[in-house]
Amino acid sequence: MKSHRRITGRLVIATHNPGKLAEMRELLSPYGIDAVSAGELNLGEPEETGATFKANAAIKAVAAAQASQLPAFADDSGLVVDALDGAPGIYSARWAGDSKDFTAAMTRIERLLQERGATTPDQRKAHFVSALCVAWPDGHLEEVEARADGTLVWPPRGDAGFGYDPLFLPDGHTRTFGEMTSMEKHGLPPHGLGLSHRAKAFVLLAEMCLDAR
Ligand code: ITT
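Structure report, in brief.

Cis peptide bonds are those with omega within 30 degrees of zero, and the linkage from Trp154 to Pro155 qualifies with 0°. Within the element layout of this structure, Pro155 appears in the loop between β5 (141–152) and β6 (168–170). Across the junction of Pro189 and Pro190, the peptide omega takes the value 10°, indicating a cis bond. Looking at the secondary structure, you find Pro190 in the loop between α4 (182–186) and α5 (197–209). Here the phi dihedral of Gln69 falls at roughly 55°; this positive angle occurs in a residue that is not glycine.

Below, the structure is given as C-alpha cells:
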C-alpha cells in the first residue's frame, strides 16, 4: 500500500479565488496548519491546461510548491450538468469570463437547459466536483477527488457562498448552497454534515495526510 505523507508546518493555499480560499482556510483551521495564501506570497497563476480536474489541481499545486519551496494545497473544481453533456465542467471558472460574472454564467446554463427542454428536477441533475492536490517541493503529490450531487434551480437562490452556489440544490435538502451557512455547506462532522464536494474531498485528504483534530 502506498504510504501517505503528513502535512505539517507551513502550507501554501494555491488559489486566487477568494471564496475557495475562505473555505480551504476553514477546512484546515482545526489542524494547526500555518496556512498562507498564494496571494500573500505574490505567486502567479499557472495556465490550467489539464483535461481533468485532477490534472489541473496538480498543475496549480506543483507550480505553487516550486515557486514557494513550501508544500502547496490546490483545488480544481466545477459544476458538471448532465443535460449539458458535463458542461461547464473544468471550464466552470471560464464561463464567468474575465469579469467573473457568475450571474451571466448561471443565466447561460439556464438558457441552454431551456433550449434542451430540461424543466423537471430529474432533467436538471448536476454535480460539483472538487479535486484536491497537495504538492511538495521534492515532487511528492497527494491527490483526492469527491463530488456532491444535486439539481439546478431557477431563479438562483441565496447570496451566501460563491460561484454557482445559488443554482445548486444538494440532494436531500430544501435550500441551495447559496442559502446555507458556511458550516452547513462545508462544515465537517461532528459539527457539520460534510456536504459539499470540497468538504468530502477534504475529509479523504485529512484521513490520509493530517493528524487527528
Ligand atoms: P483557482 O484556480 O485560483 O483556485 P478558480 O476560480 O479559477 O480559482 P477553478 O479553475 O477550479 O478555480 O474553477 C472552479 C469554478 O467552479 C469556480 O470559479 C467556481 O465558479 C465554481 N465552483 C467550484 N466550487 C464551487 C463551489 O463550492 N460553489 C460554487 N461554485 C463553485
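As a further point, take the packing of aromatic side chains. Here the structure, examined in full by the defined rule, presents 6 aromatic pairs. Taking 5.2 Å as the distance between ring centres and 85° as the angle between the ring planes, the aromatic pair formed by Phe102 and Tyr164 counts as edge-to-face. Highlighted residues: Phe102 in helix α3 (residues 102–115) and Tyr164 in the loop between β5 and β6, separated in sequence by 62 residues. Exposure remark for Phe102: the relative accessible area of 21% places this residue in the partly exposed category. Judged by its relative accessible area of 4%, Tyr164 is buried. Among the aromatic residues, ring-to-ring pairing joins Tyr31, Phe73 and Phe202 into one connected group. When the ring centre of Trp136 is taken as reference, the NZ or CZ atom of Arg5 above it lies at 5.2 Å.

Glancing now at the site of the ligand. For the ligand, the set of nearby residues contains 21 residues, the closest of which are Thr15, His16, Lys60, Asp165 and Lys185. Lys60 has a polar side-chain atom sitting 2.7 Å from an oxygen atom of the ligand. Within the backbone of Ser77, one N or O atom sits 3.0 Å away from an oxygen atom of the ligand. Computed on the free molecule, the ligand has an accessible area of 610 Å², of which 94% lies beneath the protein chains in the complex. Within the residue set of the shell around the ligand, elements represented by two or more residues are β3 (72–81) and α5. Ranked by the residues each element gives to the shell around the ligand, the list is headed by β3, at 4 residues.

So, about helix α1 (residues 18–28). Every buried residue of α1 is listed here: Gly19, Lys20, Leu21, Glu23, Met24, Leu27 and Leu28. The opening residue of α1 is Asn17, an N-cap whose side-chain oxygen sits 2.9 Å from the backbone nitrogen of Gly19.

On to the pairing of β3. Burial of β3 is extensive: 10 of the 10 residues sit out of reach of the surface. Where burial is concerned, the two faces of β3 agree: the one with Ala72, Ala74, Asp76, Gly78 and Val80 and the one with Phe73, Asp75, Ser77, Leu79 and Val81 are both buried. Two elements, strand β1 (residues 10–13) and β3, share 2 bridges in a ladder whose sense is parallel. If you follow Ile13 over to β3, its bridge partner there is Phe73. Here β3 runs beside strand β4 (residues 125–135); their pairing, made up of 10 bridges, is antiparallel. Bridge assignment links Leu79 to a residue of β4, and that residue is Phe128.

Rules and cut-offs
- Residues numbered from 1 in each chain as written.
- Predicted model: local features only at pLDDT ≥ 70, side-chain atom pairs only at ≥ 80, totals over all residues.
- Heavy atoms only, no water.
- Helix = DSSP H or I, 4+ residues; strand = E, 2+ residues; numbered from the N terminus.
- Phe/Tyr/Trp six-rings, centres within 6.5 Å; stacked < 30°, edge-to-face > 60°.
- Buried < 20%, exposed > 50% of the residue type's maximum accessible area, 1.4 Å probe, protein only.
- Lys NZ or Arg CZ within 6 Å of the ring centre and 35° of its normal.
- Near = heavy atom within 4 Å.
- Polar contact = N/O pair within 3.5 Å; in protein donor to acceptor, adjacent residues only side chain to side chain.
- Areas by Shrake-Rupley, 256 points an atom, 1.4 Å probe, with all protein chains shown as cover.
- Pairing = 2+ DSSP bridges.

Keep in mind these numbers describe shape, not what the thing actually does.
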